[in-house]
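Letter by letter, the chains look like this.
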Amino acid sequence: MDVSTNPTTSQANETENQYPEVRIHQNPQTRNVHDGNQTEHRPPHNWRTSIKKDEKLNICRIYYIAGFFLLPFFWLVNFVWHYNDAYLAEPFEEQPQFQRYVLRSGIGFIFWSVLLIGWVFYFQTQRNYYNWDYLTFNFPTGSFLN
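Residues numbered from 1 in each chain as written. Predicted model: local features only at pLDDT ≥ 70, side-chain atom pairs only at ≥ 80, totals over all residues. Heavy atoms only, no water.

Colleague: Explain the nonpolar core here, please?
Modeller: It is characteristic of soluble globular proteins that their nonpolar side chains tend to be buried jointly. Formed by L57, C60, Y64, W75, A86, F92, F98, Y101 and V102, the largest nonpolar core amounts to 9 residues. Looking at this core, the elements with two or more residues in it are helix 2 (53–66), helix 3 (72–88) and helix 4 (95–130). The contacts of L57, once residues within four sequence positions are left out, are E94, Q97, F98 and Y101. (Core = buried A, V, L, I, M, F, W, Y, C linked by side-chain atoms within 4.5 Å. Buried < 20%, exposed > 50% of the residue type's maximum accessible area, 1.4 Å probe, protein only. Helix = DSSP H or I, 4+ residues; strand = E, 2+ residues; numbered from the N terminus. Contact = heavy atoms within 4.5 Å.)

Colleague: Quick question: what am I supposed to make of the pattern of salt bridges here?
Modeller: When the charged atoms of two side chains lie near each other, side chains of opposite charge can form a pair. A full pass over the atoms with the stated rule returns 2 salt bridges. Sharing partners across several salt bridges, the network here consists of K53, K56 and D85. (Salt bridge = Lys/Arg side-chain N within 4 Å of Asp/Glu carboxyl O.)

Colleague: Hey, could you run me through helix 4 in this one?
Modeller: Note that an α-helix has 3.6 residues per turn; residues three or four places apart therefore point the same way. With 36 residues, helix 4 ought to run about 52 Å at 1.5 Å a step, and its terminal C-alpha atoms sit 50 Å apart, in line with that. The sharpest bend along helix 4 comes to roughly 35°, located at Q124. Here helix 4 has its buried residues at Q95, F98, Y101, V102, S105, G106, G108 and F123. Here the buried face of helix 4 lies against helix 2 and helix 3. (Expected span 1.5 Å × (residues − 1). Bend = angle between axes of the 7 residues up to and from the residue.)

Colleague: Honestly, unusual backbone geometry in this entry has me stumped. Any pointers?
Modeller: Most peptide bonds take the trans form, and the phi angle of most residues other than glycine is negative. Unlike most non-glycine residues, L70 shows phi in positive territory, near 55°. With respect to the helices, strands and loops of the structure, L70 is situated in the loop between helix 2 and helix 3. The exposure class of L70 is exposed, given its relative accessible area of 63%.

Colleague: I'm lost on the UniProt feature "transmembrane region" (unreviewed entry) in the protein chain in this one. Help?
Modeller: The UniProt entry lists residues 62–81 and 101–122 under the feature "transmembrane region" (unreviewed entry), expressed in the numbering used here. Within the segment residues 62–81, helix and strand shares are 75% and 0% respectively, and the terminal C-alpha atoms sit 13 Å apart. Overall, residues 101–122 shows 100% helix and 0% strand. The separation of its end C-alpha atoms is 31 Å. (UniProt positions renumbered as here; feature names shortened; annotations may be inferred.)

Colleague: Mind showing me how you'd approach the side chain of S105 here?
Modeller: Turning to its location among the elements, S105 is positioned in helix 4. Within polar-contact distance, the side chain of S105 engages the backbone oxygen of Y101 at 2.8 Å. Filtering out sequence-adjacent residues up to four positions away, S105 remains in contact with Y64, W75, N78 and F79. (Polar contact = N/O pair within 3.5 Å; in protein donor to acceptor, adjacent residues only side chain to side chain.)

Written out as structure tokens, the structure is:
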């Protein structure tokens, strides 16, 4: 039997429709105001570019301030999200403020990361010398049965 003349079901579906059909279901309890074509409303392909620059600056400022509440992850997110607007975009009015917040967020994240990694390294290497095992909540006894 020749496979090319009699394709299997999965092969027939692949050639017929490569992508499944998307259907839009409407809530039956709501009335349809427009009886025309139903279209699905999605955000633009790159939704971040549709936000105004002053709104982006406000978000950047909020994330910068949030990093001071011992949340340096906000500084990392701020740096990654707004780096293109601060340094790679065409010049605009708010760009110096963007650059200030983004640069300070990057420096703050690096500072806290070095500080945290240094503390973890120091704690792990010196805990036996200073008997710091009692700072933790688990006390290994060496045996399951006492």
